[in-house]
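Residue-level structural notes
If you want the building blocks of each chain, they are given just below.
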Amino acid sequence: MPTYLLKLSGEALGGDAGFGLEPAVLQQLAKDIKALTEQGVALALVLGGGNLFRGQNLAQSGMDRVVGDRMGMLATVMNGLAMGDFLSQAGVPNKLFSSMAIAGVAEGYHRDEVRDLMQQGTVCILSGGTGNPFFTTDTAACLRGVELNVDAVLKATNVDGVYDADPKNNTQARKFDTVSYDEVLQRQLGVMDLTAIVLCKENAMPLVVFDMMAPNVLQDIAAGKSIGTRVVA
């Protein structure tokens, strides 16, 4: 059974506005995830929380960084609750976990339980980041992907892959179909933060960067089609 970890930014859940929660986006995601699981794919989700709260921004204004990051972790739990509800409405079995257990809301993350549920067809939503301040949800996604031994980490973005320059500002920017982690680090391509990239590199974890809004993109990735950019060790 193919296994993937899908990383979604909080801003993506906010739709065009980039903040709050856009029901149409959640409905489409639930539909796409359902189609993926019906193909026999085991899936875990890691969600960001930037659509609801950004602790780093407040830290720059004087708030204690640890406090701000804890608030950001709670924002990812809120996004996980919303995503889980829309998956349930679509008939997709799912369960919310958090790196910090919240009684009556989210069970504490346990790797073996998550692996078993994924193999049974349950989509596992992994919220709360790593459970520690100073780490991004990108790092959390790569960490969980390595722990769960998935086939690849899938990073959904608003562009169709990794470029050698910002394609929004440079029409001559060249898209990579495949790129090595070494080149990502050397050229500072900004795929993910440094900790996440090094974690994937050291564990030879493939990373696929793709446009979340492309039609049937998750099913195409699962079918082995060349989608977005594949980052490899």
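One structure accompanies this document, and this report is about it.

Rules used throughout
- Each chain has its residues counted from 1, following the order in which its sequence is written.
- Thresholds applied to this predicted model are a pLDDT of at least 70 for local features of residues and 80 or more for the giving and counting of side-chain atom pairs; totals over whole chains, interfaces and linings are not thresholded and use all residues.
- Each side-chain value is worked out from all heavy atoms of the structure, with water and hydrogens disregarded.
- Here an angle of 0 to 180 degrees is reported between the N-to-C directions of two axes, which are lines fitted to C-alpha atoms, with helices fitted over the stretch in contact.
- To qualify as a helix, a DSSP run of H or I must reach at least 4 residues; to qualify as a strand, a run of E must reach at least 2; elements of each kind are numbered from the N terminus.
- For this classification, under 35 degrees means roughly parallel, over 145 means roughly antiparallel, 65 to 115 means roughly perpendicular, and everything else is oblique.
- Note on convention: near helix rotated counterclockwise from far helix by under a right angle means a left-handed crossing. Clockwise means right-handed.
- In what follows, residue pairs with any heavy atoms lying within 4.5 Å of each other are defined as contacts.
- Between 30 and 60 degrees the pair is tilted, below 30 it is stacked and above 60 it is edge-to-face, where a pair is any two Phe, Tyr or Trp rings, Trp via its six-membered ring, whose centres lie within 6.5 Å.
- We call a charge positioned over a ring when the NZ of a Lys or the CZ of an Arg lies within 6 Å of the ring centre and within 35 degrees of the ring normal.
- Between buried and exposed lies partly exposed: a residue is buried under 20% and exposed over 50% of the maximum accessible area for its type, with that area taken using a 1.4 Å probe on protein chains only.
- When DSSP finds two or more bridges between two strands, those strands count as paired.
- Only protein atoms enter the 1 Å grid used here. Points where a 1.4 Å probe fits but cannot escape make up a cavity, open sets with protein on both sides within 12 Å along at least five of seven lines make up a pocket, and a residue lines them when an atom lies within 4 Å of a point.
- Grid points are joined across faces, edges and corners, and a volume is the space filled by probe spheres set on the points.
- Polar here means any residue other than Ala, Val, Leu, Ile, Met, Phe, Trp, Tyr, Cys and Pro, which are nonpolar, and Asp, Glu, Lys and Arg, which are charged; Gly is therefore polar.

Digging into the packing of helix α2 (residues 23–38) against helix α4 (residues 65–89)
- It is the contact of α2 with α4, at a shortest axis distance of 9 Å, that shows an interaxial angle of 60 degrees. The orientation of α2 with respect to α4, classified from their angle, is oblique. The interaxial crossing formed by α2 with α4 has right-handed handedness. Where α2 abuts α4, its residues P23, L26, Q27, L29, A30 and I33 lie against A82, M83, F86 and L87.

A word on the packing of aromatic side chains
- One pass over the structure, following the stated rule, counts zero aromatic pairs.
- Here R144 stacks its cationic end above the ring of Y109, 3.9 Å away from the centre of that ring.

Topic: the pairing of strand β2 (residues 42–47)
- Counting buried residues along β2, six of its six residues qualify, which places the element largely inside the surrounding structure.
- Neither face of β2 is open: one carries A42, A44 and V46, the other L43, L45 and L47, and all of them are buried.
- Alignment of strand β1 (residues 3–8) against β2, held across six bridges, turns out to be parallel. Counted as the bridge partner of K7 is V46 from β2.
- Where β2 lies against strand β5 (residues 123–127), three bridges are found, and the strand directions are parallel. In the strand pairing of β5, L45 is matched with I125.

Description of the sheet that holds strand β3 (residues 94–98)
- Here nine strands make up an open sheet; going across it, the order is β4-β3-β5-β2-β1-β6-β10-β11-β9 and the pairing mixed. Here the strands that pair on one side only, and so sit at the sheet edges, are β4 (107–108) and β9 (178–180).
- Two strands pair when backbone bridges link them, and strand β10 (residues 207–211) and strand β11 (residues 229–232) are joined in this way by three bridges, in the antiparallel orientation. Within the sheet, the bridge partner assigned to V208 lies in β11 and is R230.
- Seen against the sheet, α2 touches β1, β2 and β5 and runs at an angle of roughly 155 degrees to β2.

Considering the layout of surface pockets
- Of the volumes computed, that of the largest pocket is approximately 1,200 Å³.
- Along the wall of the largest pocket there are 49 residues; nearest its centre are K7, S9, E11, R54 and D138.
- Broken down by secondary-structure element, the contributors of at least two residues to the lining of the largest pocket are α1 (10–13), α3 (55–60), α4, α6 (137–148), β6 (152–157) and β7 (162–163).
- Sort the elements by how many residues they give to the lining of the largest pocket and α4 lands first, with six residues.
- Residue composition of the lining of the largest pocket, grouped by class: 19 nonpolar, 21 polar and nine charged.
- When its volume is computed, the second largest pocket comes out at roughly 200 Å³.
- If you trace the second largest pocket, you find 13 residues lining it, with V208, K225, S226, I227 and R230 closest to the centre.
- Partitioning the lining of the second largest pocket into residue classes produces five nonpolar, four polar and four charged.

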